[in-house]
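# Architecture and fold: a report
Below, each chain spelled out in residue letters.
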Amino acid sequence: MTLTANGARGEVAAMLAGAERRLCLTLGALAEMETGLGVAGMAALAERLRALSAGDLTVVLAALLRGGGEHELAGALATAPIDPRAAAEAVARAFEATA
């Protein structure tokens, strides 16, 4: 089954943990990223996103997955079999979709 991502909403589909998943950059996802990364404001978040650690990538990916309605995977990222390269590409595509 192919996942349908709503491009008008800024959703992207990505193959993560063996299945196609939906990611979306929402206001809630941005707030979750700020909290999870310990930054305040969009400028500080943008600066932090320029050089993500593996832990940062997990926080950002989880927020984007929740924004896309993928709550189960978002909560299981610590043990999910996800290729780091695929995760980074999915995050980049989610941000590009809103540009």
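Residues numbered from 1 in each chain as written. Predicted model: local features only at pLDDT ≥ 70, side-chain atom pairs only at ≥ 80, totals over all residues. Heavy atoms only, no water.

### Side note on the environment of Thr4
Looking at the secondary structure, you find Thr4 in the segment before β1 (11-16). Along the sequence, Thr4 and Arg48 sit 44 residues apart, while their C-alpha atoms lie 30 Å from each other. In this structure Thr4 touches Glu11 and Arg22, once residues within four positions along its chain are discounted. (Helix = DSSP H or I, 4+ residues; strand = E, 2+ residues; numbered from the N terminus. Contact = heavy atoms within 4.5 Å.)

### Focus on the packing of helix α1 (residues 27-37) against helix α3 (residues 54-67)
In contact at an axis separation of 9 Å, α1 and α3 are set at 160 degrees when each is read in the N-to-C sense. By the angle class used here, α1 and α3 are roughly antiparallel. Crossing angle aside, the handedness with which α1 passes α3 is right-handed. Touching Ala29, Glu32, Met33, Gly36 and Leu37 of α1 are Asp56, Val59, Val60, Ala62, Ala63, Leu64 and Arg66, all from α3. Taken together, the residues of the contact of α1 with α3 sort by class into eight nonpolar, one polar and three charged. (Axes fitted to C-alpha atoms, helices over the stretch in contact; angles between N-to-C directions. Parallel < 35°, antiparallel > 145°, perpendicular 65-115°, else oblique. Left-handed = near helix turned anticlockwise from the far one by under 90°. Nonpolar A, V, L, I, M, F, W, Y, C, P; charged D, E, K, R; others polar.)

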